[in-house]
Amino acid sequence: MSRRRVKNIDYDDDEYFDDYDDDGYDDYRPQQASSSRQHQAPKKPPKPAKQSSSAPSTQPASRKGSAIKSEPAKAPPLSKPKQNGSTGSGRPPLAPSMSVDEGILSRGGSDEKERVRAAEEGIMGGVEGEKPPEADARLLSLAPLNLVVIGHVDAGKSTLMGHLLVKMGAVTTKQIHRYQKESKEIGKGSFAFAWVLDEGEDERARGVTIDVCVKHFATKHKVVTVLDAPGHRDFVPNMLSGAVMADAALLVVDVTRFEAGFERGGQTKEHLQLVRALGIGQLIVAINKLDAVGWSEDRYRSVMDPLHGFIIGPEAGFKSSNVQYLPLSAFEGTNIVDNNCAELKAWWGEGATLVDLIDGLQTKGRGDSTGASGGPFKGCVSDVWRTGDKTSVSMKVDGGTLRNGQKVLILPSNETAIVKGLECRGASVPECRSGDYVDTALLNVEPHFVSVSSVLCDPSSPLPVVTSFTAQLLVFDLDIPIVKGQQVMMYLHTGVDSATIAALEAIVNKQTGERENKRPKALVKGMVAIVRLTVPKPVCLDCKGSGGVGTLSRVILRDRGKTIAAGLVLQPS
Ligand SMILES: Nc1nc2c(ncn2[C@@H]2O[C@H](COP(=O)(O)OP(=O)(O)OP(=O)(O)O)[C@@H](O)[C@H]2O)c(=O)[nH]1
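Source: prediction; values computed, not measured.

Enquirer: What is the right way to read helix 7 (residues 236-243) from this model?
Expert: Each turn of an α-helix holds 3.6 residues, which means side chains three or four residues apart point in the same direction. Counting buried residues along helix 7, 8 of its 8 residues qualify, which places the element largely inside the surrounding structure. V236, P237, N238, M239, L240, S241, G242 and A243 are the residues of helix 7 that are buried.

Below you can see the structure in the form of structure tokens.
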């Protein structure tokens, strides 16, 4: 199944401001570039045990095409996809995809008329109407992983994911042949694989990803939810909406135009800083389009060296051991699940493929099998649409466990609802745990009680609903200093809204963590500061250190199309 979406942000408490040792991720302090952080030539990734190129499919063949009749061909009003439009909070909606996928994990439909009819009747998704497949036992035994794909525009992100999904059996040969034919007809033949993910008409006509697209596939040990993010600078907010859902990031770099994406104005650095700010500590770097430079090892290294310096340097702050690199060709499909290219083998040997590296990624903060981790249930809504007389939402579980039949409190609307169905990773499931991306949670309420950025939580543990709060922020590269009274765009978990910097309360000493320089006049690049933010409408949030995966406390500020600061909510004020 695929779903287009567009949501939010988050930021990691621990890595910026707390000890981060216990989770093995990072000892990142943005301030101090310790000598151990100085650039070291990265090593080739270890060679994990090779995996069969015919990785197991995630759904039995008999389920192909099932549950597709209830998938709408166009979304009803609440979820109608809008390119750069907005739903609820003003963030562009992650509306259900119009996918007609017949692939193994896809829930698109083969019967277009039936899907249109279902949409017109307002019957959305597989929770009500024809049911989605039950998750099979093998899938449930795999570790879930949400992977956001980032990188400068045209780096080859969608092509890479499209080709990977084809190779993993999540897209049929018939379907990719159709994309090849149709893309050729409009003179965009090189985008055939990208069309697996770029499903919007605009995206296909322009050859640019606009919304985040969500797809699933399984490796040997993982069931992976891919969030393919746009690379164009105009769509950074959409990219953030995918990144906030992720456990790990895959950075795609175009080896032929590396400098354009890496230097000032390119999105490579900004994306890296943002995913790190969102608490993502694990990174795979796919150096793409090696076919276009004759599989040159020299070119590969000339890109990897400056990139690695930035990635482990003070501005991005990844831990070297959590970053892995590999050369590939998304277009030719080389080194994705296998490597049959003699020129690459000559210097890469039997090095890991992309699927090997994805299979070896770790997740943190995930609920355990008892659902005990993360405390009471809480989660943030990233998409909303009507399902008959009920409301469906997509969301990220930030802590605890969400179960079918459970009563939840919706904030800020303060309405309660019962969960009438749950879908995760393309299948119907009895529960979703901390860290899970929930494809669909069906709620027995009217849609106006829920919007993108709503929070669902355990009614006995309501989260704060506020119009003013303090946050600890790291200041990014700025054209002009941040001052009191400044209006900014605020990305708070899955929401986006305007906000005012009501007060600059203190500068934080990066070495000691102590507050000093009370009431500074202005904030400049590299500072860590405590600021008070006010918002015009009440927002529901969580505070730093409240448990779970921490999505609900992450805040990113942007101004005039640039990210200016990112951090964590400290407390309501
Ligand atoms: N030669 C070559 N071209 C590639 C490769 N991968 C992608 N391309 C081409 O690069 C162009 C952009 O590919 P996309 O997959 O749309 O790039 P993207 O990063 O998803 O683009 P946005 O999401 O819009 O930022 C297309 O013409 C692809 O065919 C590759 O491995 N080799």
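Enquirer: Please explain the pairing of strand 4 (residues 222-228) as it appears in this structure.
Expert: One face of the sheet, then the other: side chains in a regular strand alternate in exactly this way. Judged by how many residues are buried, strand 4 sits mostly within the fold: 7 of 7 residues are covered. Pairing analysis gives 6 bridges linking strand 3 (residues 212-218) to strand 4, with the strands arranged antiparallel. Of the residues in strand 4, the one forming a bridge with V214 is L227. The turn joining strand 3 and strand 4, which pair antiparallel and follow one another in sequence, is formed by 3 residues.

Enquirer: What's the story with the domain arrangement of the protein in this structure? I'm lost.
Expert: When the parts of a complex come together, some accessible area is lost, and that lost area is often taken as the interface size. Each assigned domain of the protein is listed here: domain 1 (74-86 + 141-359), domain 2 (372-457) and domain 3 (465-572). Look at where the C-alpha atoms of domain 2 and domain 3 centre, and you get two points 27 Å apart. Each side of the interface is counted separately: domain 2 has 17 residues, and domain 3 has 14 residues. When domain 2 packs against domain 3, close to 1,100 Å² is buried across both sides, 69% of that on carbon and sulfur atoms. Of all residues in domain 2, K378, C380 and D398 give up the largest surface area on contact with domain 3, accounting jointly for 41% of the area buried on that side. Counting across the interface, domain 2 meets domain 3 through 1 salt bridge.

Enquirer: Before we go on, may I ask you to explain the site of the ligand in this structure?
Expert: Taken together, 19 residues surround the ligand, and among them K157, S158, T159, S190 and T209 come closest. Take K289: an N or O atom from its side chain is 3.0 Å from an oxygen atom of the ligand. The contact in question runs from an oxygen atom of the ligand to an N or O atom on the side chain of S329, over 3.1 Å. Protein contact buries 91% of the 650 Å² of open area that the ligand shows by itself. The residue inventory of the shell around the ligand, partitioned by class, reads 7 nonpolar, 8 polar and 4 charged.

Enquirer: Mind showing me how you'd approach the side chain of S468 here?
Expert: Following the sequence through the fold, S468 ends up in strand 17 (residues 465-475). Engagement of the side chain of S468 in a polar contact is seen with the side chain of S573, the distance being 2.8 Å. In this view, S468 contacts R532, L533, T534, P572 and S573; residues no more than four positions away in its chain are not counted.

Enquirer: Would you take a moment to explain the packing of helix 7 against helix 9 (residues 267-277) for this structure?
Expert: Helix-helix packing is characterised by the crossing angle of the two axes and by the distance between the axes. Relative to each other, helix 7 and helix 9 sit at 35°, their axes nearing to 11 Å. Classified by chirality, the crossing of helix 9 by helix 7 is right-handed. Along the contact surface, helix 7 presents V236, M239, L240 and A243, while helix 9 presents Q267, E270, H271, L274 and V275. The residue inventory of the contact of helix 7 with helix 9, partitioned by class, reads 6 nonpolar, 2 polar and 1 charged.

Enquirer: For this particular structure, what's the right way to read the environment of V475?
Expert: Within the fold, V475 resides in strand 17. Separated by 34 residues in sequence, V475 and A441 have C-alpha atoms that sit 36 Å apart. Apart from the residues lying within four places of it in its own chain, the contact partners of V475 are I482, L523, V524, K525, G526, M527, I564 and A565.

Enquirer: Is there a simple way to explain helix 10 (residues 297-312) in this structure?
Expert: When the terminal C-alpha atoms of helix 10 are compared, their 22 Å separation across 16 residues agrees well with the 22 Å that a helix rising 1.5 Å per residue should span. Backbone nitrogen of D298 and a side-chain oxygen of the N-cap are separated by 3.3 Å at the start of helix 10; the cap is S296.

Enquirer: Please explain the pattern of salt bridges as it appears in this structure.
Expert: Between side chains of opposite charge, pairing is possible as soon as their charged atoms come close. For the structure shown, the criterion picks out 19 salt bridges. In this structure, R299 engages E259 in a salt bridge whose closest nitrogen and oxygen atoms are separated by 3.4 Å. Placement of R299 in helix 10 and of E259 in helix 8 (residues 258-262) is noted, with a sequence separation of 40 residues between them. On the basis of relative accessibility, which here comes to 39%, the residue E259 falls in the partly exposed class. Across the pair D542 and K378 runs a salt bridge whose closest N-O atoms are separated by 2.6 Å. Of this pair, D542 sits in the loop between strand 23 (528-540) and strand 24 (554-559) while K378 sits in strand 8 (residues 378-387); the two residues are 164 residues apart in sequence, bridging distant segments of the chain. Judged by its relative accessible area of 5%, K378 falls in the buried class.

Enquirer: How should I be thinking about the nonpolar core in this particular structure?
Expert: Side chains of a nonpolar character, in soluble globular proteins, are inclined to be buried together. Membership of the largest hydrophobic core comes to 94 residues, with the highest contact counts inside it found for V148, L160, L250, V285, L307, I311 and L354. Counting contributing residues per domain, this core is built from domain 1 (74-86 + 141-359) and domain 3 (465-572), each supplying no fewer than three. Contact partners of L307, with chain neighbours within four places excluded, come to L251, V253, F258, F262, T268, L272, V285 and Y325.

Enquirer: In this structure, what is going on with the packing of aromatic side chains? I would like to understand it.
Expert: What characterises a pair of aromatic rings is the spacing of the ring centres plus the angle enclosed by the ring planes. On inspection of all chains with the given rule, the structure shows 6 aromatic pairs. Considering the side-chain rings of Y179 and W195, the 6.4 Å spacing of their centres and the 70° angle between planes classify their relative orientation as edge-to-face. Separated by 16 residues along the polypeptide, Y179 in helix 5 (residues 173-185) and W195 in the loop between helix 5 and helix 6 (201-206) bring together distant segments of the chain. By the burial criterion, Y179 is buried, and W195 matches it. Between W347 and W348, the aromatic rings sit 6.3 Å apart at their centres with planes inclined by 80°, giving edge-to-face as the arrangement. Classification of W347 by relative accessible area gives buried; the value is 12%. Following the ring pairs from residue to residue traces out a cluster consisting of F258, F262 and F310. R276 extends its terminal NZ or CZ atom over the ring of F318, reaching a point 5.4 Å from the ring centre.

Enquirer: Explanation requested: the side chain of T470 in the structure shown.
Expert: When you line up the elements, T470 lands in strand 17. Among the residues examined, T470 registers a relative accessible area of 6% and is labelled buried. When neighbours within four sequence positions are excluded, T470 is seen to be in contact with E505, I530, V531, R532, L568, V569, L570, Q571 and S573.

Enquirer: Sorry, what's going on with the confidence of the model for the protein here?
Expert: Detailed reading of the predicted coordinates is not advisable wherever pLDDT is low. Per-residue confidence for the protein gives a mean pLDDT of 75, with 73% of residues at or over 70. In the model of the protein, helix 1 (residues 13-17) stands out as the element of lowest mean pLDDT, 35, in contrast to strand 11 (residues 407-411), which has the highest, 98. Interface confidence for the predicted complex, given as ipTM, is 0.98, next to a pTM of 0.73.

Cut-offs used in this document
Residues numbered from 1 in each chain as written. Predicted model: local features only at pLDDT ≥ 70, side-chain atom pairs only at ≥ 80, totals over all residues. Heavy atoms only, no water. Buried < 20%, exposed > 50% of the residue type's maximum accessible area, 1.4 Å probe, protein only. Helix = DSSP H or I, 4+ residues; strand = E, 2+ residues; numbered from the N terminus. Pairing = 2+ DSSP bridges. Domains from an automatic or database assignment. Contact = heavy atoms within 4.5 Å. Buried area = accessible area lost by both parts, 1.4 Å probe. Salt bridge = Lys/Arg side-chain N within 4 Å of Asp/Glu carboxyl O. Near = heavy atom within 4 Å. Polar contact = N/O pair within 3.5 Å; in protein donor to acceptor, adjacent residues only side chain to side chain. Areas by Shrake-Rupley, 256 points an atom, 1.4 Å probe, with all protein chains shown as cover. Nonpolar A, V, L, I, M, F, W, Y, C, P; charged D, E, K, R; others polar. Axes fitted to C-alpha atoms, helices over the stretch in contact; angles between N-to-C directions. Left-handed = near helix turned anticlockwise from the far one by under 90°. Expected span 1.5 Å × (residues − 1). Core = buried A, V, L, I, M, F, W, Y, C linked by side-chain atoms within 4.5 Å. Phe/Tyr/Trp six-rings, centres within 6.5 Å; stacked < 30°, edge-to-face > 60°. Lys NZ or Arg CZ within 6 Å of the ring centre and 35° of its normal. pLDDT = per-residue confidence, 0-100.

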